[in-house]
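Chain residues, written in single-letter form:
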Amino acid sequence: MVDTFLAQTIHLVFAAIWAGSVFYVTFVILPLARDGAFNTTKPLEVISGKLTTISRVSALVLLASGGHLAGTRYTSESLFNTTNGHLVLGMVALWAILAGLIEIGGKQLEAGLNGKKLREPASDVLSLYRAASVVAIALLVVGGMITTNVIRLL
């Protein structure tokens, strides 16, 4: 019981950190860079690197904690044959998509910044990060649906 509570708490905290970081970079940092608020690439390089680190660590922690939670709450049959099980599988797909979008966006941003350009790379990756933000929010919504058993309430 305690280990499940701990896994769920860790899962929630890292999901929130990951989603919040992606959202902040998408809607605050990249628009500022695109609009010329920075006069050097260094701040964006550091922020991009930190987001990549947060994304990778969060992805690993969520894989471990989510795997533990799924293993204690679902059988293979209930995972594939129940609505909550389908939500868990959907969450895994969203998790992979979010990790992929952040990796691709980070590499593209890094390549543009290596050319000592600032506005253009920020503008070029903004749509990827917007998509990542939508996926991050969807992850939190699906997680909330699973946690609150909203499907059973409908």
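Note that the coordinates shown come from a computational prediction; the quantities given were computed from them, not determined experimentally.

Engineer: Can you walk me through the overall build of the chain in this structure?
Structural biologist: Helix and strand counts for the chain stand at six helices and zero strands. The N-to-C order of helical and strand elements in the chain reads α-α-α-α-α-α. Here the C-alpha coordinates of the chain stretch approximately 55 × 30 × 20 Å along the principal axes. The buried share of the chain, taken over its 154 residues, is 38%. For the chain, the proportion of contacts with a sequence separation of at least 24, taken over those separated by at least 6, is 81%. For the chain, the accessible area works out to roughly 8,600 Å², and carbon and sulfur atoms hold 69% of it. With 11 positive and 8 negative side-chain charges, the chain shows a spacing of 5 Å between the two charge centroids.

Engineer: So what exactly am I meant to see when it comes to the environment of Lys 42 here?
Structural biologist: As for its placement among the helices and strands, Lys 42 is situated in helix H2 (residues 42–73). The spatial distance from the C-alpha of Lys 42 to the C-alpha of Arg 73 is 45 Å, given a sequence separation of 31 residues.

Engineer: Explain the packing of helix H4 (residues 83–114) against helix H5 (residues 119–148) here, please?
Structural biologist: Their axes nearest at 9 Å, the elements H4 and H5 cross at an angle of 160°. Comparing their axes, H5 and H4 come out roughly antiparallel. In this structure, H4 meets H5 at a crossing whose hand is left-handed. Partitioning the contact of H4 with H5 into residue classes produces 26 nonpolar, six polar and no charged.

Engineer: What's the story with H5 in this structure? I'm lost.
Structural biologist: Since there are 3.6 residues in each turn of an α-helix, residues three or four apart along the chain are aligned in direction. With 30 residues, H5 extends 42 Å between its outermost C-alpha atoms, agreeing within 8% with the 44 Å of an ideal straight helix rising 1.5 Å per residue. At Leu 126, H5 shows its maximal bend, which comes to roughly 40°. After H5 finishes, the residue Asn 149 shows a positive phi value of roughly 55°.

Engineer: I tried to follow the packing of aromatic side chains on my own but got confused; where do I start?
Structural biologist: The geometry of two aromatic rings is summed up by the distance between their centres and the angle between their planes. One pass over the full model with this rule turns up one aromatic pair. Taking 4.6 Å as the distance between ring centres and 45° as the angle between the ring planes, the aromatic pair formed by Phe 23 and Phe 27 counts as tilted. One end of the pair, Phe 23, and the other, Phe 27, are both in helix H1 (residues 2–34), four residues apart, so they sit about a helical turn from each other. Overall, the relative accessible area of 41% leaves Phe 27 in the partly exposed class.

Engineer: Looking at this structure, I do not really get unusual backbone geometry. What am I missing?
Structural biologist: Residues other than glycine predominantly adopt negative phi, and peptide bonds predominantly adopt the trans conformation. Although it is not a glycine, Lys 116 sits at a positive phi angle of roughly 60°. Checked against the element boundaries, Lys 116 lands in the loop between H4 and H5. Judged by its relative accessible area of 61%, Lys 116 is exposed.

Engineer: Sorry, what's going on with a nonpolar patch on the surface here?
Structural biologist: A cluster of nonpolar residues, Phe 23, Phe 27, Ile 137, Leu 140 and Val 141, forms a patch on the protein surface that exposes about 420 Å² of accessible area. Going through the elements one at a time, H1 and H5 are the ones with two or more residues in the nonpolar patch. Along the chain, Leu 140 turns up in helix H5.

Engineer: What is the right way to read the pattern of salt bridges from this model?
Structural biologist: Throughout the structure, instances matching the rule amount to four salt bridges. The partner of Lys 116 in a salt bridge is Glu 45, and the shortest N-O contact between them spans 3.9 Å. With Lys 116 in the loop between H4 and H5 and Glu 45 in helix H2, this pair connects stretches of sequence that are 71 residues apart. The exposure class assigned to Glu 45 is partly exposed, which follows from its relative accessible area of 26%. Among the salt bridges present, the one from Arg 56 reaches Glu 103, with a minimum N-O distance of 2.8 Å. You can see Arg 56 sitting in helix H2 and its partner Glu 103 sitting in helix H4, a full 47 residues away along the chain.

Rules and cut-offs
- Residues numbered from 1 in each chain as written.
- Predicted model: local features only at pLDDT ≥ 70, side-chain atom pairs only at ≥ 80, totals over all residues.
- Heavy atoms only, no water.
- Helix = DSSP H or I, 4+ residues; strand = E, 2+ residues; numbered from the N terminus.
- Buried < 20%, exposed > 50% of the residue type's maximum accessible area, 1.4 Å probe, protein only.
- Contact = heavy atoms within 4.5 Å.
- Areas by Shrake-Rupley, 256 points an atom, 1.4 Å probe, with all protein chains shown as cover.
- Lys, Arg positive; Asp, Glu negative; His and termini not counted.
- Charge placed at Lys NZ, Arg CZ, Asp CG, Glu CD.
- Axes fitted to C-alpha atoms, helices over the stretch in contact; angles between N-to-C directions.
- Parallel < 35°, antiparallel > 145°, perpendicular 65-115°, else oblique.
- Left-handed = near helix turned anticlockwise from the far one by under 90°.
- Nonpolar A, V, L, I, M, F, W, Y, C, P; charged D, E, K, R; others polar.
- Expected span 1.5 Å × (residues − 1).
- Bend = angle between axes of the 7 residues up to and from the residue.
- Phe/Tyr/Trp six-rings, centres within 6.5 Å; stacked < 30°, edge-to-face > 60°.
- Patch = residues over 30% accessible without salt bridge, like charges linked within 9 Å, V, L, I, M, F, W, Y side chains within 5 Å.
- Salt bridge = Lys/Arg side-chain N within 4 Å of Asp/Glu carboxyl O.

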